[in-house]
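Spelled out from the first residue to the last, the chains are:
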Amino acid sequence: MESALAVSRLPPHDPGTPVLSVVDMHTGGEPLRIVLAGCPEVSGPTLLAKRRYMRQHLDHVRRRLMFEPRGHRDMYGAVLVPSELQDAHLGVLFLHNEGYSSMCGHAVLALGRFALDFGLVPAPAAGTCEARVNIHCPCGLVTAFVACEDGRSHGPVRFHSVPAFVLATDLMVDVPGHGKVVVDIAYGGAFYAFVSAEKLGLDICSAKTRDLVDAASTVTEAVKAQFKINHPDSEDLAFLYGTILTDGKDAYTKEPTTNICVFADEQVDRSPTGSGVTARIALQYHKGLLELNQTRAFKSSTTGSVFTGKAVRLSMTETPFQVEKSTRLPSLRSQDYLILLRGAGYKNFTSLRLHVAEVKFQGLSQQVKEGAAQEYHQRCSFPGLHPGIFNYSGETQLPCCEDTQAALWRSPHGEERRPLANTHMSEPSWKQLQLTS
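Here the residue numbers are simple positions, counted from 1 along each chain's written sequence. Local features are withheld for residues below a pLDDT of 70 in this predicted model, meaning they are given only at 70 or higher, and side-chain atom pairs are given and counted only at 80 or more; totals for whole chains, interfaces and linings count all residues. Hydrogens and water are ignored here; the side-chain numbers use all heavy atoms of the structure.

- The protein chain appears in an unreviewed UniProt entry as trans-L-3-hydroxyproline dehydratase from Papio anubis.
- UniProt positions are given in the numbering used here, feature names are shortened, and annotations may be inferred rather than shown by experiment. The heading Subunit (unreviewed entry) in the UniProt record of the protein chain holds the text "Homodimer."
- Here is the UniProt Catalytic activity (unreviewed entry) comment for the protein chain, exactly as written: "trans-3-hydroxy-L-proline = 1-pyrroline-2-carboxylate + H2O".

Below is the structure:
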């Protein structure tokens, strides 16, 4: 794979210095740095084994890609690796400021376009309007569907996630500085705690981002200390990834519901968070607030970008089991079974069919792109969210207002072209970089 993606020309550099060749993309303002070439071989018979190997032996690569001066505290990355699954077109390891995540929806959306345009999947037949890309993530096989024209990505991208479920509802957690707070915990490829920002004395749409981050991080640490996370398939997936603060508008409406995701080491997602949207869909469906195949819109508090999502399929069998507070879940296949869930205080049980969710990104509207900049400056009052997060080669752009009409796209064959004038954010803004010491 690396040879197929190798960059033909490198900038001047010390030949004794290792070079990582990357492509930078973003989905709804959330960055993704994809490694093209230069990463040492990641050993392991399975993708989860490769994830453990990279964490133990190649973490210097993650730090080099994610941290300053080549990255920033909210950079996100992807290392492409072979998959052991026959149906997968590629495997991927996700990188962030703290380590390695199990799922990333915004990255899957970007990787779908990347895989199609860089020839990692068979070229779609003439007249095909949507290409299928099977991406093996640490949480399982995720399928991206990429709108295309003449064999290239063009338009929206959607994906079908791994089965999602709710682990706990109405869980009472003692949160320092806020007292007893009721939270829900749901899984959409990664586990998140969900709580309305209003319960923490904040307005999700107007509060300073720093205040939202502090509150979400406090909830995350409290849940980790007071609740044991389990996953039915693998202990590698049994961890709380972060907290998503919402506007509390879980009942279905045609208007988007707003949230902000704070994950890893206080990292802020500029997009609505693909795996978080998947988990919220599971949670809303579980509570009877969302029906099967009913589409809901989810809006990012930081950039205004919107994902849509819906539950598209339920499990076929119903085999309930009991979840104890400190007991590992029985081994079972997520696709085939019903999880029986405990409610508040582990006294009341509720049930939820596992389902597959579909998440879609259409692109930002021009109104959102033009209107978000001023609010972004006003609310981003700490170094982790600053306007220069795309500050490479002297170019500084807001993640929510990136001018894709002027962005240069470079194909793997070396030619350059500019996106169509009317494509806005549905045409990717890519930068091809070489990172050296």
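Picking up after the structure, the text goes on.
Some words on the environment of Leu292
Logical step 1: Helix and strand assignments follow DSSP, with helices taken as H or I runs no shorter than four residues and strands as E runs no shorter than two, numbered in order from the N terminus. Relative to the elements of secondary structure, Leu292 occurs in the loop between helix H6 (274-286) and strand S15 (296-300).
Logical step 2: The contact rule is simple, with two residues in contact once any of their heavy atoms fall within 4.5 Å. If we skip the residues at most four places from it in the chain, Leu292 touches Tyr285, Ala311, Val312, Arg313 and Leu314.

Structural notes on the pattern of salt bridges
Logical step 1: One speaks of a salt bridge when a side-chain nitrogen belonging to Lys or Arg is within 4 Å of a carboxyl oxygen belonging to Asp or Glu. Applying the stated criterion across every chain yields a total of 11 salt bridges.
Logical step 2: With a shortest N-O distance of 2.6 Å, Arg52 and Asp236 are connected by a salt bridge. Taken together, the positions of Arg52 in helix H2 (residues 47-57) and Asp236 in the loop between helix H5 (209-226) and strand S12 (240-246) put the pair 184 residues apart, joining distant regions of the chain.
Logical step 3: With a shortest N-O distance of 2.9 Å, Asp59 and Arg63 are connected by a salt bridge. Taken together, the positions of Asp59 and Arg63, both in helix H3 (residues 59-66) and four residues apart, correspond to about one turn of that helix.
Logical step 4: Only protein chains enter the accessibility calculation, which uses a 1.4 Å probe; a residue is then buried when its area is under 20% of its type maximum, exposed when over 50%, and partly exposed in between. Accessibility expressed as a relative area gives 39% for Arg63, which makes it partly exposed.

Points about the packing of aromatic side chains
Logical step 1: Ring geometry is summarised as follows: Phe, Tyr and Trp rings, the Trp one being its six-membered ring, pair when their centres sit within 6.5 Å, and such pairs are stacked at plane angles under 30 degrees, edge-to-face over 60 and tilted between the two. Following the criterion strictly, the structure yields 11 aromatic pairs and no others.
Logical step 2: Measuring from centroid to centroid gives 5.0 Å for Phe165 and Tyr187, while their planes differ by 25 degrees, and the two rings are stacked. In this pair, Phe165 sits in strand S9 (residues 165-175) while Tyr187 sits in strand S10 (residues 179-187), placing the two residues 22 residues apart along the sequence.
Logical step 3: Put simply, the rings of Tyr76, Phe94, Tyr192, Phe194, Phe239, Tyr241 and Phe263 touch in pairs and so form one group of aromatic residues.

Some remarks on the pairing of strand S3 (residues 77-81)
Logical step 1: Burial of S3 is extensive: five of the five residues sit out of reach of the surface.
Logical step 2: Of the two faces of S3, the one carrying Gly77, Val79 and Val81 and the one carrying Ala78 and Leu80 are both buried.
Logical step 3: Note that strand S2 (residues 30-37) and S3 share three bridges and pair parallel. Residue Val35 lies in a different strand from S3, and its bridge partner there is Val79.
Logical step 4: Any two strands are treated as partners once DSSP identifies two or more bridges connecting them. With five bridges joining them, S3 and strand S4 (residues 90-95) adopt antiparallel strand pairing.

Focus: H5
Logical step 1: Here the expected length of a helix is defined as 1.5 Å per residue gap, with one fewer gap than residues. Spanning 18 residues, H5 covers 26 Å between terminal C-alpha atoms, matching the ideal 26 Å at 1.5 Å per step.
Logical step 2: Taken residue by residue, H5 has Thr209, Leu212, Val213, Ala215, Ala216, Ser217, Val219, Thr220, Ala222 and Val223 as its buried positions.

Points about the pairing of S2
The two faces of a sheet get side chains in turn, since along a regular strand they alternate between them.
Logical step 1: In terms of burial, S2 is largely enclosed, as eight of its eight residues are buried.
Logical step 2: The hairpin turn running from strand S1 (residues 20-27) into S2, its antiparallel successor, is two residues long, and Gly28 in that turn takes a positive phi close to 60 degrees.

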